[in-house]
Protein chains: 2
Amino acid sequence: MSNRQSIYEIKDLSLNNEDLILNETVFHNANGYIGVRSNFEEGYPEGFDSIRGSYINGFYDIAQMKQAEKLYGFVEEKQTMLNVVDSQSIYLFLDDEPFNMFEGTVMESSRWLNMSEGYTARRVVWRSPKGKEVEIIIKRMTSFYQLSLFTIEYSVKALNFEGNITFKSNHIGEVMNYCNPEDPRVAGESFRHLFPHSAKIIEDASFIVTHTSKSGLAVCTGVKNCLSKTGVMDVCIEEHKAICTIESNIVCNETITLTKYTVFSDSIREQDCEQKAMEEMDCALSLSLEEHYKKQREYLTDYWNQTSLEIEGDDELSLAVRYNLYQLIQSVGKDEHSNIAAKGLSGEGYEGHFFWDTEMYIQPFFTLTNPKIAKNLIEYRYSILEEARENARIMGHKKGALYPWRTINGKECSGYFPAGTAQYHINGDIAYSIVQYYLATKDMDFIAGKAGEIIFETARLWIDVGNYVNDEFHINGVTGPDEYTCMVNNNYYTNSSAKNHLNWAAKFYHLLDEFNLLKPVADKIDLSQSEIEEFKMAAEKMFLPYDEKLKINPQDDSFLQKKMWDIKNTPKEKFPLLLNYHPLHLYRYQVCKQADTVLAHFIFEDDEKIETIRNSFLYYEKVTTHDSSLSTCIYSIVASKLGMEEKAYDYFGDSAKLDLFNTHHNTKDGIHTANMGGNYMAVVYGFAGLRLKESGLFLSPSLPKKWSGYQFKVTFEQSQIKIEVTEDMCIVTLVSGDEKVIHVYGREYHLKDTISIERI
Amino acid sequence: MSNRQSIYEIKDLSLNNEDLILNETVFHNANGYIGVRSNFEEGYPEGFDSIRGSYINGFYDIAQMKQAEKLYGFVEEKQTMLNVVDSQSIYLFLDDEPFNMFEGTVMESSRWLNMSEGYTARRVVWRSPKGKEVEIIIKRMTSFYQLSLFTIEYSVKALNFEGNITFKSNHIGEVMNYCNPEDPRVAGESFRHLFPHSAKIIEDASFIVTHTSKSGLAVCTGVKNCLSKTGVMDVCIEEHKAICTIESNIVCNETITLTKYTVFSDSIREQDCEQKAMEEMDCALSLSLEEHYKKQREYLTDYWNQTSLEIEGDDELSLAVRYNLYQLIQSVGKDEHSNIAAKGLSGEGYEGHFFWDTEMYIQPFFTLTNPKIAKNLIEYRYSILEEARENARIMGHKKGALYPWRTINGKECSGYFPAGTAQYHINGDIAYSIVQYYLATKDMDFIAGKAGEIIFETARLWIDVGNYVNDEFHINGVTGPDEYTCMVNNNYYTNSSAKNHLNWAAKFYHLLDEFNLLKPVADKIDLSQSEIEEFKMAAEKMFLPYDEKLKINPQDDSFLQKKMWDIKNTPKEKFPLLLNYHPLHLYRYQVCKQADTVLAHFIFEDDEKIETIRNSFLYYEKVTTHDSSLSTCIYSIVASKLGMEEKAYDYFGDSAKLDLFNTHHNTKDGIHTANMGGNYMAVVYGFAGLRLKESGLFLSPSLPKKWSGYQFKVTFEQSQIKIEVTEDMCIVTLVSGDEKVIHVYGREYHLKDTISIERI
């Protein structure tokens, strides 16, 4: 990887509040377990808006979610991801002058993210009001090697003076979440969720234990400050806050560095989280910071090597794509207690909830590059299967499991069910992701255990929810991915997804039987051959809407009977529509928030004729606002499939730059992880035309005009394969593992070492 | 009216909490302006549940109604009817012994409602723990003559002792509403809505002014206690409470009576409500209690005379019907500031909100018996037309007005829009009620003014909400009356109602033009001939779903494609279904809470062939749970029409006894006013087959087998007409007014004095 592509830097830092709060997200540090927003250590002036937060993946409290009108089964409690601590605060004093970019003179300033090394940094050359000049460099890291660890390396160089230097470094246990009651996407209330439990100082390290108000969870954070030269250190505890003051002196051209270690531990994962935090602190201090940086670099070298996605010929886009992939590894949970939140660990938007985003937009990337993480994500779903069964009962189903639309601990957190719980396709999405994982790994043992149990239990739900009409299997009263059209009959996406799900449930049943692995799972959930026959029958008879006149698949039974929304003449400020129109009004129009039928045409492309896919694409393009960040990447993939190269590229570009260029104007609330994963898909599934099918691995690479080439690696059945696409050629190389049969442009190839194929 | 039919009495009073709280409703006093629940003056023992309340029609505070997920246009504030005062409290002491039915010995006890005289009473013969025996008779009245007045006449007769007698009579200004957060129908929160403003004593009368927390309203109540013999009276104010203590002595067989006058005044209707309360108190005291009783009797004599509904041959049912009509006159607002709440003024269920219940179930009774009140009800709708316009904008409509589903002051109070605001048929309902009023009165001036403005503005909405598909006018995304099937396309009831509405808007336009009355209203709302042409076209092209196979009108586009709910095998305790199943689950079934298409077939009977109506009736009968109290009366009417006499009678009986026999187990929260009106309709529209059409007044009387006869009066075009139905005959008499042409069993008659027609 070239260095150029691995660093994102901004110079002459804007001190505008909007930019500051945006950069808190853009430069946040995370490792899948913890995430820390990039707040200035010294804070902003009074009145500035800031989301100052540190989060643990899967750590939550219960919040009330009162329903305006309470009806049976309505969700009235939700989980909410907590801001658990503030250990970012460091105040620097030069003699009596506090460092603060809003006073004195900022002579030089920059911030950067180094994606090869895995840290963020801020550099400021500053002159104090009284004329003292310093160079300050602050490096921050959340360690991939030691997941509990967050470090701040705070270096100060005196440029034109000597004198006293003081650091005041805080460790604050009583923190609150951010809220903006005006925006449904961050509408969590600023309610007191954390209560002080204990605060101790051991060997100058502070350990603060805090309890949640309702979920019965505890978190412990430990903080230790170390100065590069001798100084006078005082650590004291005031209420639920530890304050460490270190005084020293500095001479001209001398550099003094404060290293602040924070470790996190929580009661979901640990019996005694305080004890664990102390162990983690010992572990952190057992290596030098340089050694920690080295481990970080090694981890990321591996990571980038597994992915190896490189684009030649468009630097900005190339950087954006790399940024997106970096965020994915920052965000994804590394154990079964967590998953990947809609905003990763970068902010409080969507309250840290896990959605279908994981399975449909993010997991594909890990399935192809890091199957172990993909498996983790499925194991998380298994860990909440019991809650999914309960959810199905609440929704009136006698059998099966229905995954919640949004959740942390498995219980539904969707307050408006028509655009939430009614999205039954989540069952099909999870099944699809398991099938993809299976196709990539052929991990039959997993299917025989947890994965199979999920597949079968969730398949049962389709039988309970659907019914036969004129010998066709209908699914009524569900919401597809497009949230501008809720509670419809025979949503094409949902029915396709259910069909695929039921077919695969039957296939897995027979496969397990063949491998003599069936009995344990079948006995456990009392699954019989006759139920499998029901699955097959429903899949075979599944009704997939088709309009003879337009020769497209209508999004649902009544979609085409509605008025067309006039997207072109809708004023810009009225987007996203959901913030400007009553949902009932939107429901009456042909208008889509995002790819719905088009998504089905991507993932189940063999179900329809190419002409139907093309006609549908052209039809839905006209009625889709792409108000969801999950939309353009899918349009890009299908445009690629249809040979619409320019469209494919434009949609891809819109998608790729979303967070780095804040094109949806809400990155301050956190990154859009699904969009980032979708962006990867747009390259690999879109431009490169990769598909995982029962008949193997398929490629059909095209090259966007603006690029001179691109390459990436995938792991397929334990072999690593590299795909390079140039202007003329497609070169496929077996990097490691067994020989494979692959398909390029529809032709079969036996991959031993390298195959070079002329591009079509 | 026979006395037997005018008194509802219960003896040997149950002191069971459930019965007590139920009888608070059953024996409440109201007059359309104020309502007072029948709580025991002395209260119940600690721990007993009681809804102790006094209400003013249309008087409300604003309460927060937080949405679990806030989306554009979601309602977050509601109006809630307030319990405004407790002036019921009277404590009686015989020497030092307090009267209390839960101690000592109740030797005799009864309660009754006298519907001719207009009062309720309680009589108790009681022996105190120390052996003093008294007969206590307490009469309560809310005056129809002086609407602000509520009286309690509290008589005590010493049966076996002499001694001191003390009354402690309270007037409490700080009161709260009742709530039961578990039941959506009374889920208003017990929140402090009223704040003390002032409390004064003038000539031993206390006047307490209280302000609401958010709506900016004020209420003043005045209380005066008068003893029938000299005693020592002390009136003092403690906080926001006036306490009047009167001591006297009593001898054996002597009767002493305390008369307590309460007057109500509010700032919605009066500039200075305290001043007004004082005037009302003067007015109340200017007549003796006997004179007040006389005025009450006169009012009710008139009322019963206008109605004259009498049933021979079924005493229980006859009483129930009379009870229902009594409650209607108790409940209906007598000015444009109020309407008739779902629970009248008898309790806090549905928070005092006004629904379509008024227009479709209650107003028909007044239209036929008291057109002035019917006009008042329409004027109330006019008073909130501006809010209805605003509501239409919120819902995305550029033109027209959409009435709120539930409201007091005109702003929507529906927290769950799919079963609330989405019921656009309310516009058609209001239009229908105006048409009926017009047909009964031919009051063209009213159509030229307020009523026309409503009709035209609400008709505009249909054009904005609907769209043409294959040359048919479709209305998508609305909810019909059946709340178990929400947000559907082409709900038959809604489309029929819209068709009728649009047709009548066009008719009124031409009629007004003919009478040279068009210009003012057309100019005011900028109504053009071309818009009227649009109305006519949409009405003509209105799509009314019809199923060729079943030969019925499907409830909506997709109703027949759903699974059938197995009503027979649903356990009893699972009804009403809305309290036991998630709405999304219900929406997937063919199951109706109430008459929907069947209601359309009653009110728009000429739109369909009788066979379609019959087939539909038989079909919907099987899938209707009648969980709504608005259902069986409609089934009764249509059964009558179809000649299904037994069914008609059974449905009627179920409906008639609802509140008096608490068949829905929730009368404690208040009476079901719509059911009561519907009950009247079942007799007059059902058994007697009355219809108001453009071509005149139609009758087609049948006689239920169990009855020997029935009669009623209606007012038609200012003439009063009496209809008597006996076993063999139908006798129609012109009681007063001009001669009329009427239709009986399809034949035209010229009504001069009396016509006797053989029953078919």
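Residues numbered from 1 in each chain as written. Chains lettered and ligands numbered in written order. Predicted model: local features only at pLDDT ≥ 70, side-chain atom pairs only at ≥ 80, totals over all residues. Heavy atoms only, no water.

### Examining the overall build of chain A
Scanning chain A for helices and strands turns up 20 helices and 31 strands. For chain A, the spread of C-alpha atoms along the principal axes amounts to about 85 × 60 × 60 Å. Burial analysis of chain A (760 residues in total) assigns 67% to the buried set. Partitioning the contacts of chain A with sequence separation of at least 6, the portion at a separation of at least 24 is 68%. Carbon and sulfur atoms provide 47% of the accessible area of chain A, an area that totals close to 26000 Å². Separation between the mean location of the 77 positive side-chain charges and that of the 110 negative ones in chain A comes to 3 Å. (Helix = DSSP H or I, 4+ residues; strand = E, 2+ residues; numbered from the N terminus. Buried < 20%, exposed > 50% of the residue type's maximum accessible area, 1.4 Å probe, protein only. Contact = heavy atoms within 4.5 Å. Areas by Shrake-Rupley, 256 points an atom, 1.4 Å probe, with all protein chains shown as cover. Lys, Arg positive; Asp, Glu negative; His and termini not counted. Charge placed at Lys NZ, Arg CZ, Asp CG, Glu CD.)

### A word on the sheet that holds strand β4 (residues 54–64) of chain A
Residue and element names in this part refer to chain A. Strand order in the open sheet made by the 4 strands is β2-β3-β4-β5, with antiparallel pairing throughout. In this open sheet, the two edge strands, each paired with only one partner strand, are β2 (29–30) and β5 (77–83). Sheet analysis places strand β3 (residues 34–36) next to β4, joined by 3 bridges and oriented antiparallel. Residue I34 lies in a different strand from β4, and its bridge partner there is I56. (Pairing = 2+ DSSP bridges.)

### So, helix α11 (residues 450–465) of chain B
Here α11(B) spans 23 Å end to end across 16 residues, near enough to the 22 Å set by a 1.5 Å rise per residue. Burial within α11(B) is extensive, with 14 of its 16 residues counted as buried. (Expected span 1.5 Å × (residues − 1).)

### Digging into the UniProt feature "active site" (unreviewed entry) in chain A
Residues and elements named next belong to chain A. Per the UniProt record, the feature "active site" (unreviewed entry) sits at E483. Considering the arrangement of structural elements, one finds E483 in the loop between β21 (472–475) and α12 (492–514). For E483, a relative accessible area of 21% corresponds to the partly exposed category. Only 2.9 Å separates the side chain of E483 from the side chain of Q423, close enough to count as a polar contact. (UniProt positions renumbered as here; feature names shortened; annotations may be inferred. Polar contact = N/O pair within 3.5 Å; in protein donor to acceptor, adjacent residues only side chain to side chain.)

### Points about the relation of the copies chain A and chain B
Least-squares fitting of chain A to chain B yields an RMSD of 0.0 Å, with the superposition described by an axial translation of 0.0 Å and a rotation of 180 degrees. Taken together, the rotation and translation describe the operation of a two-fold axis. Rotation axis and chain A: the residue whose C-alpha lies nearest the axis is A:Q67, separated from it by 2.8 Å. With an isologous cut-off of 70% or more, the 100% of interface residues of chain A that recur at the interface of chain B puts this contact in the isologous class. (Least-squares fit on C-alpha atoms with pLDDT ≥ 70 in both.)

### Looking at the nonpolar core
Soluble globular proteins: nonpolar side chains tend toward being buried together. Grouped together as the largest cluster of nonpolar side chains are 465 residues, with contacts concentrated most on A:Y154 and B:Y154. When near neighbours in sequence (up to four residues on either side) are disregarded, B:Y154 contacts B:E41, B:I90, B:L92, B:F99, B:I136, B:I137, B:I138, B:F167, B:I256, B:T257 and B:L258. (Core = buried A, V, L, I, M, F, W, Y, C linked by side-chain atoms within 4.5 Å.)

### Focus on the packing of aromatic side chains
Residue and element names in this part refer to chain A. The tally for this structure, following the rule as stated, stands at 88 aromatic pairs over all chains. Both rings, one in F687 and one in W707, keep their centres 5.2 Å apart while their planes meet at 75 degrees; by these two values the pair is edge-to-face. In this pair, F687 is assigned in helix α20 (residues 673–687) and W707 in the loop between β25 (696–699) and β26 (709–716), connecting sequence segments 20 residues apart. A single burial state applies to F687 and to W707, both of which are buried. (Phe/Tyr/Trp six-rings, centres within 6.5 Å; stacked < 30°, edge-to-face > 60°.)

### A short note on the environment of A:I613
With respect to the helices and strands, the residue A:I613 is situated in helix α17 (residues 610–623). Note: C-alpha distance between A:I613 and A:L642 (29 residues apart in sequence) is 8.3 Å.

### Quick look at the interface of chain A and chain B
The partner chain B presents 52 residues to the 52 residues of chain A that form the contact. Between chain A and chain B the total buried area reaches about 4500 Å² when both faces are included, carbon and sulfur atoms providing 57% of it. Taken as a group, A:Y72, A:H582 and A:R588 account for 16% of the area that chain A buries against chain B, more than any other trio of residues on that side. At the boundary of chain A with chain B, the tally comes to 2 salt bridges. Linking B:E69 and A:R406 is a salt bridge whose minimum nitrogen-to-oxygen distance equals 4.0 Å. Seen at the junction of chain A and chain B, the total is 26 residue pairs in polar contact (both at pLDDT 80 or more). Looking at the side of chain A that touches chain B, the elements that each hand over two or more residues are α11 (450–465), β20 (466–469) and α15 (583–587) of chain A. (Buried area = accessible area lost by both parts, 1.4 Å probe. Salt bridge = Lys/Arg side-chain N within 4 Å of Asp/Glu carboxyl O.)

### Digging into the packing of helix α4 (residues 289–307) of chain B against helix α5 (residues 315–331) of chain B
All names here are of chain B. It is at 12 Å that the axes of α4 and α5 come closest, and there the two elements cross at 120 degrees. By the angle between their directions, the pair α4 and α5 is classed as oblique. In the packing of α4 onto α5, the handedness of the crossing is right-handed. Residues Y299, L300, Y303, W304 and T307 of α4 touch α5, and the partners they reach there are R322, L325, Y326, L328 and I329. Each residue belonging to the contact of α4 with α5 can be placed in one class, and the counts come to 8 nonpolar, 1 polar and 1 charged. (Axes fitted to C-alpha atoms, helices over the stretch in contact; angles between N-to-C directions. Parallel < 35°, antiparallel > 145°, perpendicular 65-115°, else oblique. Left-handed = near helix turned anticlockwise from the far one by under 90°. Nonpolar A, V, L, I, M, F, W, Y, C, P; charged D, E, K, R; others polar.)

### Examining the UniProt feature "binding site: substrate" (unreviewed entry) in chain A
All names here are of chain A. Following the UniProt record, one finds the feature "binding site: substrate" (unreviewed entry) at W356, D357, K593 and Q594. Of note, D357 is situated in helix α6 (residues 357–369). For D357, a relative accessible area of 10% puts it in the buried group. Those residues in contact with D357 that sit more than four places away from it in its chain are A342, I362, L630 and A674. Within the secondary structure, K593 sits in the loop between β23 (589–590) and α16 (597–603). With residues up to four places along the chain from it excluded, the contact list for K593 reads D482, E483, Y484, T624, T625, H626, D627, S628 and S631.

### Re the packing of α11(B) against helix α12 (residues 492–514) of chain B
All names here are of chain B. Interaxial distance between α11 and α12 falls to 9 Å at its minimum, and their mutual angle equals 135 degrees. The orientation of α11 with respect to α12, classified from their angle, is oblique. Note that α11 runs across α12; the crossing there is left-handed. Contacts between α11 and α12 pair I455, F456, T458, A459, W462 and I463 from the former with T494, A498, H501, L502, A505, F508, Y509 and L512 from the latter. Tallied by class, the residues present in the contact of α11 with α12 amount to 11 nonpolar, 3 polar and no charged.

### Describing the sheet that holds strand β15 (residues 218–227) of chain B
All names here are of chain B. On the basis of which strands lie adjacent, the open sheet formed by 9 strands has the order β1-β8-β9-β10-β11-β18-β15-β14-β13 and antiparallel pairing. Across the chains shown, the open sheet's two edge strands, defined by having one partner strand only, are β1 (7–11) and β13 (194–202). Neighbouring strand axes in the sheet, compared pairwise and without regard to direction, differ in orientation by 15 degrees on average. Relative to strand β10 (residues 133–142), strand β9 (residues 119–127) is paired through 8 bridges, and the arrangement is antiparallel.

### Remarks on a negative patch on the surface
Residues and elements named next belong to chain A. On the surface, a cluster of negative charge is made up of E203, D204, D234, D272, E279 and D282. Among the secondary structure elements, D272 is positioned in the loop between β18 (255–266) and α3 (273–285). Exposure remark for D272: the relative accessible area of 43% places this residue in the partly exposed category. (Patch = residues over 30% accessible without salt bridge, like charges linked within 9 Å, V, L, I, M, F, W, Y side chains within 5 Å.)

### Details of the pattern of salt bridges
Taken as a whole and assessed by the stated rule, the structure comprises 99 salt bridges over all chains. For B:R322, the salt bridge identified is with B:E310, shortest N-O distance 3.9 Å. Of this pair, B:R322 sits in helix α5 while B:E310 sits in strand β19 (residues 310–312), placing them 12 residues apart in sequence. The two residues B:R322 and B:E310 agree in class, both being buried. Several salt bridges converge on common partners, so that one network encompasses A:E386, A:R389, A:K399, A:E453, A:E457, A:R460, A:K524 and A:E531.

### A closer look at the domain arrangement of chain A
Looking at the assigned domains, one finds that chain A contains domain 1 (3–276) and domain 2 (688–760). Distance between the C-alpha centres of domain 1 of chain A and domain 2 of chain A: 44 Å. (Domains from an automatic or database assignment.)

### A short note on the state of the cysteines
Overall, the coordinates contain 0 disulfides over all chains when judged by the stated rule. Unpaired in terms of disulfides, B:C236 finds its nearest cysteine sulfur in B:C244, a separation of 9.0 Å. (Disulfide = S-S within 2.5 Å.)

### Here we look at the pairing of strand β29 (residues 740–744) of chain A
Walk down a regular strand and you will see the side chains alternate between the two sheet faces. All names here are of chain A. For β29, the tally of buried residues reaches 4 of 5 residues, placing the bulk of the element in the interior. As judged from the 3 bridges shared by β25 and β29, these two strands associate in the parallel manner. The partner of L697 across the bridge, within β29, is I742. Counted along the chain from β29 to the antiparallel partner strand β30 (residues 747–751), the turn is 2 residues long, and its residue Y745 has a positive phi close to 50 degrees.

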